[in-house]
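Geometric and topological summary
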Amino acid sequence: MARRSSLLTVLLVLVTLVGGALVGAATGIALETSVAHPAVPKALGAPCVAEPAVMRRAHPDMLKHGRDVVLRAGDRSSPVGLTGCIGCHAVKDETGTAVSVSSPRHFCRSCHDYAAVKIDCFECHASRPEPGKGAALDGGPAAFVGLADPHAVADLAAFAATRRPEETAR
Amino acid sequence: MTSACSSTRPGCGSACTCPTPATAEPVDAERRGFLAGSAAVAVTTLAGGAMLTLWPESSEAAGADPKKRWGLLIDVSKCADGCTACVDACSTENGWAKPTSQTDPQWIRKVTLRNPTTGVTKSAPVMCQHCDNPPCVDVCPTTASFKRADGIVLVDKHRCIGCRYCMMACPYKARSFVHAPLEDQKPHAPRGLGTVEACTLCTHRVDRGRAPACVEACASAGRAMLFGDVADPASEIAEAIAARPTTRIRGDLGFDPGVRYAEL
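Just so it is clear, the structure is predicted and the values come from calculations on it, not from any experiment. All residue numbers refer to position in the chain's written sequence, counted from 1. Think of it this way: whatever chain is written first is A, whatever ligand is written first is 1, and the rest follow in order. Per-residue local features of the predicted model are confined to residues with pLDDT of at least 70, and side-chain atom pairs are confined, for both listing and counting, to 80 or more; whole-chain, interface and lining totals are unaffected and use all residues.

**Overview of the overall build of chain B**
The helix count covers DSSP runs of H or I at least four residues long, the strand count covers runs of E at least two residues long, and both are numbered beginning at the N terminus. Each helix and strand in chain B was counted, giving eight helices and ten strands. Counting all 264 residues of chain B, 35% fall into the buried class. Residue pairs in contact within chain B that sit at least 24 positions apart in sequence constitute 59% of those at least 6 positions apart. Exposure criterion: with C-beta atoms placed from backbone coordinates, a residue whose C-beta has 20 or more other C-beta atoms within 10 Å is buried, one with 12 or fewer is exposed, and one in between is partly exposed. It is the C-beta atoms, placed from the backbone, that decide contacts: two residues are in contact if theirs lie within 7 Å.

Structure (structure tokens):
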């Protein structure tokens, strides 16, 4: 009798351990996959405006700066702008046409969905290049011709730095 | 919250409401490491370019020139009744579809005038008159309506809240409201749901030394439209205005429109 009860106890402990491990593993998997990492389409060629680390951080400020300079001041001397970004970062679907922001594969959306940051740019701006215009991702490094103006790049980087003094100071 | 606001951030006034919650400390520590990295890259890029001015120096004057005043002269006697070349060109250039209802956007329209006494009819295009004292700018609560230094009146859709005060204020019915979502707009003419829009005098072309699309189309149709800098007495348009009587629609309102009509 005593032997039987001890055997039952051992079994019970084993079942608890294995079950717990299974549940834990299951929970772990669920946590990892509940929010999928964004499949950000890889860019071709050299970084054209600034390094990816700078772009990730400062692109909203650059775009906001550019919009005031172009629209309100009428200064179109900068070779970089949203239209250029859209032209080179366009993602093509199976049929070879660039996807709009309505597709989760859109370059901007892939990351913004993950970060849960809503962008209003495409309420007014086209989210893909005009048919036959702009270089989609498979357009190759030629897509960057005309965009890599070192002055404009340096200016945008400098602007991005001035916009975030509290961050550069740290 | 207020102590966080009184930091060295430029342009941070007393009414500032910067959200800097104390609970965000652990996240901040991580962010700082990342940001230090990106700042270093930014500085490196800067050193490589060795330029501190905001935009590259160029022979062209950057931005709208305050010495200029862009305007139009429309010779109504050359504007044929059935011709819509200017309207078609604007629609194609700026990506607005031909209106099918009164609420559809319409940047430029052909208006037919008839003198009921004599029966004489005339046809002329009417678009934003790019006033010097624009009432749309006066009434705009968000400074979305604005006049560029060179006299072109525009809507900054980044600021437009769609209140449509400007549409009420404009005596020319020049502005439209976008009621439906749009996709695949022209890259040079962004337009979207919930904002007001109007003729931009094709700023994207004017800034690059070209004439507006309507004027270019009219040049191969009736040759009724003339575009240029009315502030420059030597310009073709200024000479044409000086040489013959011209009129402005509702000139009595004192808005000083930039669009003039001859033979109206």
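There's plenty left to go through after this.
**Brief notes about helix α3 (residues 85-94) of chain B**
Working note: α-helix, 3.6 residues per turn, so residues spaced by three or four point in the same direction. Residues and elements named next belong to chain B. Most of α3 is tucked away, with eight of its ten residues classed as buried. Every buried residue of α3 is accounted for by Ala85, Cys86, Val87, Ala89, Cys90, Ser91, Glu93 and Asn94. The inward-facing, buried residues of α3 contact β2 (108-114), β3 (121-127), α7 (213-219) and β8 (225-229). Phi turns positive one or two residues past the end of α3, at Gly95, with a value near 75°.

**So, helix α2 (residues 52-72) of chain A**
Residues and elements named next belong to chain A. To estimate how far a helix should extend, the number of its residues minus one is multiplied by 1.5 Å. Over its 21 residues, α2 extends 28 Å from the first C-alpha to the last, a length consistent with the 30 Å expected when each residue adds 1.5 Å. A maximum bend of about 65° is found in α2 at Ala58, where proline Pro60 lies one to four positions downstream. Looking one or two residues beyond α2, the residue adopting positive phi is Gly74, at roughly 70°. Think of it this way: the bend at a residue is just the angle between two axes, each fitted to seven residues, one set ending at that residue and the other starting at it.

**Quick look at unusual backbone geometry**
Both trends apply: most residues other than glycine have a negative phi, and most peptide bonds are in trans. Residues and elements named next belong to chain B. One non-glycine residue, His130, lies in positive phi territory at about 45°. Positioned with a positive phi, Arg223 is a non-glycine residue whose angle comes to about 55°. With respect to the helices and strands, Arg223 occurs in the loop between α7 and β8.

**Topic: the sheet that holds strand β9 (residues 246-247) of chain B**
Residues and elements named next belong to chain B. Any two strands with at least two DSSP bridges between them are considered paired. In space, the four strands of this open sheet follow the order β8-β1-β10-β9, with mixed pairing throughout. Each of the sheet's edge strands pairs with one partner strand only, and the pair in question is β8 and β9. As paired strands, strand β1 (residues 70-75) and strand β10 (residues 259-262) are joined by four bridges and run parallel to one another. Considered in β10, the bridge of Ile74 is made with Tyr261. To get an axis, a line is fitted to the C-alpha atoms, and for a helix only the part in contact is used. The angle between two axes follows their N-to-C directions and goes from 0 to 180 degrees. Set on the sheet, helix α8 (residues 236-243) makes contact with β1, β8, β9 and β10; between it and β8 the angle comes to about 115°.

**Section: the pairing of β8(B)**
Residue and element names in this part refer to chain B. For β8, a buried count of four out of five residues is recorded, marking the element as mostly surrounded by other parts of the structure. Judged from the five bridges that link them, β1 and β8 form a sheet pairing that is antiparallel. Residue pairing in the sheet places Trp70 in a bridge with Asp229 of β8.

**So, the pairing of β10(B)**
Bridge analysis of β9(B) against β10(B) gives two bridges, and the strand direction is antiparallel. Residue Thr246(B) lies in a different strand from β10(B), and its bridge partner there is Ala262(B).

**Regarding the nonpolar core**
Each nonpolar core consists of buried Ala, Val, Leu, Ile, Met, Phe, Trp, Tyr and Cys residues. Their C-beta atoms, within 7 Å, join them into a set. In this structure, Ile74(B), Cys86(B), Cys214(B) and Met225(B) are the most contacted members of the largest nonpolar core, which totals 50 residues. Every element with two or more residues in this core is listed here: β1, α3, β3, β5 (153-155), α7, β8 and β10 of chain B. Residues contacting Ile74(B), with those up to four places away along its chain left out, are Cys79(B), Ala124(B), Pro125(B), Ala224(B), Met225(B), Val259(B) and Tyr261(B). Among the nonpolar cores identified, the runner-up in size contains 14 residues, and Ala90(A), Val99(A), Phe122(A) and Ala126(A) belong to it.

**Describing the environment of Leu63(A)**
Along the chain, Leu63(A) falls in helix α2. On the basis of neighbour count, Leu63(A) is assigned to the partly exposed category, with 16 C-beta atoms found within 10 Å.

**Some points on the confidence of the model for chain A**
Residues and elements named next belong to chain A. Scored from 0 to 100, pLDDT records how confident the predictor is in each individual residue. Considering every residue of chain A, the mean pLDDT works out to 73; 56% of them sit at 70 or more. The weakest mean pLDDT in chain A belongs to helix α7 (residues 165-168) at 44; the strongest belongs to helix α5 (residues 121-124) at 95. The model gives residues 136-148 a pLDDT under 50, and that stretch makes 29 contacts with residues more than four places away or in other chains. Note on residues 165-170: pLDDT is under 50 here. Beyond four places in sequence and across chains, it has twelve contacts.

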